[in-house]
Amino acid sequence: ARSWPAAVGRRSARAMATGPSGARCRNRAVYAIVAIAILAVMLVSQHQFAGLWASRTPGSEDEAQRSLRYARAVSGRLRQEERAAVEDTRTAQAILPVGGRAGLTEPHETVDGARTAQAAPGGAVVAEPYELALTADAVRAAARDGVIVATFANLNHLDFVLNWVAHLRAAGLHNHFVGCTDDALRDELVRRRVRCARVESAMPVEEAKWGSSGFAAMGRTKGALLLRLLELDAAAVLFLDLDAVVLRDPLPYLLRAVQATGAELLMHSDSLVASTAVLDVDDAAPLEDLRRSIGPELNTGLFLIRPTNATRQAAREWVRVMADDKFFGNWKNDQQAFNQVLRQGLHYPPAGAQVAEAFGGLIKLGVLPVHLFASGHTFSVQRLHHKLQVRPFAVHVTFVNCDSPGKRSRLREAGEWLGPPDGIEHLDSAGLTLAEAAGTGAAGGEGAERFLWYDVDMPASLTADFAPVRGRVLRADSDPVVARHWQLMNHQLLQLRRALALAVASNRTLLLPRLLCGLETTTNFAHSGVRCPECGMELPYLCPTDHVLRMHYWAGKPPSGPKPALQIRTREYSFLEGPHRSLLAARASGAHVAIELRRPGEQSAARARPCELTQCASPTRALLERTPAAATATLDVPVDGVLLDTAVREQLRAHEAAPLWRVTDLTAADVRFADAQLAKQFAETMMWLPGGWCCTTPPIRGKPGHFFYDIWWDTLPHTDRWGRRFEQKWEALPGP
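What counts and what doesn't
- Along each chain, residue indices are assigned from 1 in the same order as the chain's sequence is written.
- Given that the model is predicted, a residue must reach a pLDDT of at least 70 before its local features are reported, and side-chain atom pairs must reach 80 or more before they are shown or counted; all residues, however, enter totals for whole chains, interfaces and linings.
- Side-chain metrics rest on all non-hydrogen atoms present in the structure, leaving aside hydrogens and water.
- The way it works is that DSSP assigns letters per residue, a run of H or I at least four long becomes a helix, a run of E at least two long becomes a strand, and they are numbered from the N terminus.
- The buried label goes to any residue with under 20% of its type's maximum accessible area, the exposed label to any with over 50%, and the partly exposed label to all in between, with areas taken from a 1.4 Å probe on protein chains only.
- Should any heavy atoms of two residues lie within 4.5 Å, those residues are counted as being in contact.
- Residue-level accessible areas treat just the shown protein chains as cover; the underlying method is Shrake-Rupley with a 1.4 Å probe.
- Two aromatic rings, drawn from Phe, Tyr or Trp (for Trp, its six-membered ring), form a pair once their centres lie within 6.5 Å of each other, and the interplanar angle then sorts them: stacked below 30 degrees, edge-to-face above 60, tilted otherwise.
- When two cysteine sulfur atoms are found within 2.5 Å, that pair is recorded as a disulfide.
- When DSSP finds two or more bridges between a pair of strands, those strands are recorded as paired.
- Only the contacting stretch of a helix is used when fitting its axis, a line to C-alpha atoms as for every element, and angles between N-to-C directions run 0 to 180 degrees.
- A pairing counts as a salt bridge when a side-chain nitrogen of Lys or Arg comes within 4 Å of a carboxyl oxygen of Asp or Glu.

K.L.:
Could you give me a rundown of the overall build of the protein, with the residues and numbers involved?
P.N.:
Helices and strands together make up the secondary structure of the protein, namely 22 helices and 27 strands. Counting across all 736 residues of the protein, residues that qualify as buried make up 56%. Restricting the contact set of the protein to residue pairs at least 6 apart, pairs at least 24 apart contribute 74%. When the accessible surface of the protein is totalled, it reaches about 30,300 Å², and 53% of it is carbon and sulfur.

K.L.:
I'd love a proper account of the packing of aromatic side chains, names of residues and values included.
P.N.:
Tallied over the full model, the rule gives 20 aromatic pairs. Seen in terms of ring centroids, phenylalanine 303 and phenylalanine 338 are 5.9 Å apart; in terms of plane orientation they differ by 35°. Their pairing is tilted. One end of the pair, phenylalanine 303, is in strand β9 (residues 298-305); the other, phenylalanine 338, is in helix α12 (residues 334-342), with 35 residues separating them in the sequence. As far as the burial class goes, phenylalanine 303 and phenylalanine 338 line up, both buried. Ring-pair connections join several aromatic residues into one group, and the members of that group are Trp486, Trp693, Phe707, Tyr709, Phe726 and Trp730.

K.L.:
Run through the state of the cysteines, naming residues and quoting values.
P.N.:
In total, this model carries four disulfides according to the counting rule given. Note on cysteine connectivity: cysteine 517 is disulfide-linked to cysteine 543, with sulfurs 2.2 Å apart. Across the disulfide from cysteine 517 to cysteine 543, rotation about the S-S bond amounts to roughly 70°, and the bridge is consequently right-handed. Here cysteine 543 lies in the loop between β17 (541-542) and α18 (551-554) and cysteine 517 lies in strand β16 (residues 516-517), a separation of 26 residues in the sequence. Judged on exposure class, the residue cysteine 517 and its partner cysteine 543 are both buried.

K.L.:
Please set out the sheet that holds strand β19 (residues 593-598) residue by residue, giving values where relevant.
P.N.:
Spatially, six strands are ordered β18-β15-β14-β22-β19-β20 in an open sheet, and the strand pairing comes out parallel. For this open sheet the edge positions go to β18 (570-571) and β20 (631-636), each flanked by a neighbour on one side alone. Taken together, the four bridges between strand β14 (residues 451-454) and strand β22 (residues 660-663) define a ladder with parallel strand orientation. The partner of tyrosine 454 across the bridge, within β22, is valine 663. Sheet strands in contact with helix α17 (residues 480-506) are β14, β15 (509-511), β18 and β22, and its direction is about 155° off that of β14. In the packing of helix α20 (residues 619-626) onto the sheet, contacts are made with β14 and β22, and the angle to β22 comes to roughly 95°.

K.L.:
Tell me about the pattern of salt bridges, and please be specific about residues and values.
P.N.:
By the definition in use, this model includes 36 salt bridges. Taking the shortest distance from any N to any O, the salt bridge between arginine 186 and glutamate 131 comes out at 3.8 Å. One end of the pair, arginine 186, is in helix α7 (residues 183-191); the other, glutamate 131, is in the loop between β2 (125-127) and α5 (136-142), and 55 residues separate them in sequence. Look at glutamate 131 and you get partly exposed, because its relative accessible area is 35%. As a salt-bridge pair, aspartate 241 and lysine 222 come within 3.0 Å of each other at their nearest N and O atoms. Residue aspartate 241 is found in the loop between β6 (236-240) and β7 (244-246), and its partner lysine 222 is found in helix α8 (residues 213-232); the two are separated by 19 residues along the sequence. You can call aspartate 241 buried: its relative accessible area is 17%. Residue classification places lysine 222 among the buried positions, given a relative accessible area of 4%. The structure contains a network of salt bridges with shared partners spanning Glu131, Asp183, Arg186, Asp187 and Arg198.

K.L.:
I'd like to hear about unusual backbone geometry, residue by residue, with values.
P.N.:
Residue cysteine 695 is reached from cysteine 694 by a cis peptide bond, and omega for that bond is 0°. Inspection of the secondary structure puts cysteine 695 in the loop between β24 (692-693) and β25 (707-708). Each neighbour pair has its own omega, and for leucine 716 with proline 717 the value is -5°, a cis peptide bond. The backbone phi angle of aspartate 233 is positive, close to 55°, even though this residue is not glycine. Following the sequence through the fold, aspartate 233 ends up in the loop between α8 and β6. For arginine 383, which is not glycine, the phi dihedral falls at a positive 55°. Mapped onto the elements of the fold, arginine 383 is located in the loop between α13 (376-380) and α14 (384-388).

K.L.:
Requested: an account of the sheet that holds strand β13 (residues 394-396), with residues and values cited.
P.N.:
Pairing within the open sheet is mixed, and its three strands lie in the order β7-β13-β12. Sheet topology places β7 and β12 (373-375) at the edges, where each strand pairs with a single neighbour. Strand after strand, the sheet turns through a mean of 20° between neighbouring axes, direction not considered. Pairing analysis gives three bridges linking β7 to β13, with the strands arranged antiparallel. By the bridge assignment for β13, valine 246 is matched with alanine 394.

Pasting the structure below:
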């Protein structure tokens, strides 16, 4: 078998010597081999992708089948990328130090005497389920091109683990493992055919909050795991936090960057702007200009590190710094500790250099391009990948509000949540017949999830004059742009509250709207309207939902205050826009009912004024615009503008089974509840839903510069969540 490549080479040489016809034969043979390799990778990936979700318990077959259909859709979407990845893998070189081993090309049976890995076309190693022993042989066997991809977690983050693994598998990367800080997660991942290793940790079972002892333990676990892997000297480590998801295979790019620069450490950056003009936006883009990009914090949630004496020494120093509890005072974290270590004796490079000598000049450090290895800000706020028309290799969901629920919401909005199947959300058009769709409820049958979508009223007068002025810091008491921001946000919050009430009244799932924010919210400092004035961000901007709503509260995990009194079903605004939901979107839109609200004495129904800005573009709205409604219904609004839930159900009873209702305007009526207890629960739930906005310079030094949205602003009199009473007029009050 080992002589086969040489024999093929000799035959190819003879064919080339025979002239054009021989060359055509050679080309056909090469094309056939590549096609077979791609097909094999896709089939194996689909099989493992399905196994990821199946819990191997009775009754799990339907779930596995749904996941397999989803995997086929993902594989189809990534077909072009898969071809490129196969070619890149064939030519990639190992990035281990001299004498290190390259990627696997043969099956191995070295771990505990069990067959643990097999080579897939292109050199990618496809893992079979096992618990990985953290030994040099085991890590080397699991690596591809001398690289192992690693993360760690506890059982509390199982859904993020599955999302992390699903993205890697969809990108053709099987050289990964998950460090498990508890036995429960290890057992669950082994059952789900995910390569994992038990690691020692003092992490708590619940989510580790910033500034807590659990957060310090999380940082120490990361440092200890990295040091263990580097000391094995078996593979370079691509370390990815659970919220750092791979969108396409980054290894060919990373390999080329290492070969071109000799870098031993490539770091993801918290920088919000590229250090140089982005001319090469594709895979040929260079590393960042270190002279200009070394200032922002280097992020420990995504980095590639080679096992050398210098990097091992730096990892030991990192672990040593974090061992002292005093280091984690004043909200410090493992990332700041790593930056402190790397910047010791940092030799600043000349302008244009792509590597710097860090850690006393011992480590060659490079910074990954911010548009190809995106942060939560460049990806979800600036939407830099849309502007440049480039798909990043990975996105690290940073600069997020609301903890894990906020991160989950960001990934869902981007169509990048491949977490555990959740009813019909994972149905797709690949391999799913209409009969199957009807059987699962996707066609609107018994037990189906039925949706509510509404046209957002957004007059042009509310979206004008938000451009930030450089050097200007907003003031709450004298800046008219701040007042315009509240007008824009309050108008949207009013419609959202009424839509949520209508969803409760009709027992439907609300598709959340695309929210447009006039001014960006930051963490704790006054600004000119945006966090990054030099980023060229347009205002108003399409803001992530966690910039306006408290997604941890909505998930039932608020850091303070009560939990929602009502559980109201919602989906992200992009729910019907992913390629894996094309069938669901087509059937829901084809059978949707257009619902109009009509005030007394008016001849025509109310129509929302659509937003005409490019950042408001909605594929869901475009789909409904080009798809004729299956029926039209009218809701007659009483003179006082109050529409009771009982009247909604009575007037729309004939359309109860429709998969999707499209309401053309919600400014015409305020939906309320006839039942006093339900009305109270809804009011309490709404009161705590909106988040806050930050920040302006307060008129009096030492006073708060942040605000909280008030979803009941239009209802007077009322008392807000902080006990502040509004009798005749509502106004935005800073604090508390």
